Amino acid sequence: MDYNSAMETAQLAVPPAIKQVGETLKKAGFESYLVGGCVRDLMISREPKDWDITTNATPEEIQDLFVETFYENTYGTVGVVTESEDPRLKVVEVTPYRVESAYSNARHPDEVRFSKKLTDDLKRRDFTINAIAYDPGSGELVDLHNGREDIKRRVITAVGNPHERFEEDALRMLRAIRLAAELDFAIEAQTASGIAANAPQLAKISKERIRDELTRILMSPRPMQAIYVAQKLSVLRYVLPRLEDGIGCDQNQAHSYDVFEHLLRALQCAADKEWPLEVRLAALLHDVGKPAARQWSEEKNDWTFHGHEVIGARMAREILFDLKFPKEIIERVTSLIRWHMFFSDPDTVTLSAVRRIISNVGKDHIKELLDLRICDRVGTGRPKEQPFRLRKYMSMVDEALRDPISVGMLKIDGLKVMELGQKAGPRVGWILHALLEEVLDEPKKNTPEYLEKRATEMIEMSDDDLKKIGEEGKERKIEEDGAAIQKLRAKHHVS
Ligand code: ATP
Ligand code: MG
């Protein structure tokens, strides 16, 4: 089909299995074009995440042409299973040309309407760089919105009127910021002002979709830049509102940046190191409690932030829960934040303290706590942590990992405690915890002989005495947390 006076062509590297799907459609007399992110990615030599074909065939006509298909949605998209063994090429999504129809809720079109014209389909797409159609068979390229020009200039530009397009679908605003971060593109000026004007519409977008875009922003190579942009365009308050409390929140003399910038720099460090989502989230939120915990100290003539890791862990839990992150991620991130101060004071880092911190954070995650420490340090703008100190902490962790750090690693178990004369009930657990407390201090005590002797003595103790030793470590921590939080809540009226 000829859209411009002269047909434009290009040669892009499309895998044969994908090409084949288009050929089948064309042989049956239909039009077929690759479109969207895959064409964009091919043009910048990036590997496409998924493959989309747009066609004038109906969902039923598409299904009739292929041996294996699936069709389980209301958008007309048919999944076509290809001959490829490569999981990335296994499915091509084939969607009939669609027209943009009314959106009354800034989220989903009220109805899906199909069209017979490619031009309609390209018009409804979000950004010009995502609105290029390409037929790998003939090499024909249909670029009615100057997407190639924008790819060259590395800018993200809305198709048509940006205000209207963001009003129709608020998620596009986050997609713009996410694509800019992933591709290292800028957002074109009109498009950016369309975002700033429509940002409040994001309140209508589901938390799950916001979470998914946020996750991609954090996992991109440039999350710091993206969150700055989100803040400037008034989007951040609909994604992570508590982060904005850190803007202009000055820190003590050891820091060059306010809390907000410190958090973004810590996050960027985690991204530069290609660390996983949990570490990136922890880096981004580790000091989120600082604005609420900040107090002026006359004595030090400086700001102090006592308890910020406690209140920060609570706040992070609420933030991540609200964004519907999975429970395991919430647990890991909040535990990293709760203990992120641990490796900051060389005097407190003794071997028995390291054993305790491992028993708190979990042995599979202790390395992440050191990684978070690195992000925190880099995020202050100060020189890197002295490598010798980190190496020393690493070796202490390795050493501590050889010692028993949980009740399950004790050379005695509940059954044995009962054999020694303790009746079944909560006292069995208290005894085991009391024994662990001793072993955390002195791993040498982890022998059946010693533990059985101590257990026999403990069986004679009163409930109160026993609980006191057993729960000592644990309860002390909880009380401290509680007291610190109450004080801060009273002071700042935070929930
Ligand atoms: P990636 O696959 O890397 O996430 P993508 O741009 O391909 O990026 P998809 O979600 O796969 O994103 O969407 C495929 C295409 O569908 C986009 O390139 C765009 O043309 C169109 N599209 C996706 N979401 C929207 C939207 N909210 N509004 C308009 N068009 C959209
Ligand atoms: Mg895609």
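Residues numbered from 1 in each chain as written. Chains lettered and ligands numbered in written order. Predicted model: local features only at pLDDT ≥ 70, side-chain atom pairs only at ≥ 80, totals over all residues. Heavy atoms only, no water.

A. Up close: the overall build of the protein chain. Scanning the protein chain for helices and strands turns up 23 helices and 14 strands. Its C-alpha atoms put the protein chain at 95 × 55 × 45 Å along the principal axes. Looking at the 495 residues of the protein chain, the share that counts as buried comes to 52%. Within the protein chain, contacts between residues at least 6 apart in sequence are counted, and of these 67% link residues at least 24 apart. Counting only carbon and sulfur atoms, one obtains 50% of the accessible surface of the protein chain, whose full area is about 23,400 Å². In the protein chain, 73 side chains carry a positive charge and 84 a negative one; their mean positions are 3 Å apart. (Helix = DSSP H or I, 4+ residues; strand = E, 2+ residues; numbered from the N terminus. Buried < 20%, exposed > 50% of the residue type's maximum accessible area, 1.4 Å probe, protein only. Contact = heavy atoms within 4.5 Å. Areas by Shrake-Rupley, 256 points an atom, 1.4 Å probe, with all protein chains shown as cover. Lys, Arg positive; Asp, Glu negative; His and termini not counted. Charge placed at Lys NZ, Arg CZ, Asp CG, Glu CD.)

B. Broad picture of the sheet that holds strand β2 (residues 32–35). One open sheet holds the eight strands; their spatial order is β1-β10-β9-β2-β3-β6-β5-β4, and the pairing between them is mixed. Bordering the open sheet on either side are β1 (8–9) and β4 (69–70), each of which pairs with just one other strand. Pairing analysis gives three bridges linking β2 to strand β3 (residues 51–55), with the strands arranged antiparallel. Within the sheet, the bridge partner assigned to Leu34 lies in β3 and is Ile53. Lying over the sheet, helix α1 (residues 16–27) contacts β2, β3, β5 (78–81), β6 (91–96) and β9 (133–135), oriented at roughly 10 degrees with respect to β3. (Pairing = 2+ DSSP bridges. Axes fitted to C-alpha atoms, helices over the stretch in contact; angles between N-to-C directions.)

C. Summary view of the side chain of Asp371. Position of Asp371 relative to the elements: it lies in helix α17 (residues 366–378). In contact with Asp371, not counting residues within four places along its chain, are Trp275 and Val279.

D. Inspection of the packing of aromatic side chains at higher detail. Taken as a whole and judged by the stated rule, the model has four aromatic pairs. Taking 4.9 Å as the distance between ring centres and 80 degrees as the angle between the ring planes, the aromatic pair formed by Phe342 and Phe343 counts as edge-to-face. Each of the two residues, Phe342 as well as Phe343, counts as buried. Ring centres of Phe343 and Tyr393 lie 5.1 Å apart, and the angle between their planes is 40 degrees; on these two criteria the pair is classed as tilted. Within this pair, whereas Phe343 is found in the loop between α15 (327–338) and α16 (351–361), its partner Tyr393 is found in helix α18 (residues 387–401), the two being separated by 50 residues in sequence. A relative accessible area of 2% places Phe343 in the buried class. Since its relative accessible area comes to 0%, Tyr393 is described here as buried. One aromatic cluster is present, built from ring pairs that chain together Phe342, Phe343 and Tyr393. (Phe/Tyr/Trp six-rings, centres within 6.5 Å; stacked < 30°, edge-to-face > 60°.)

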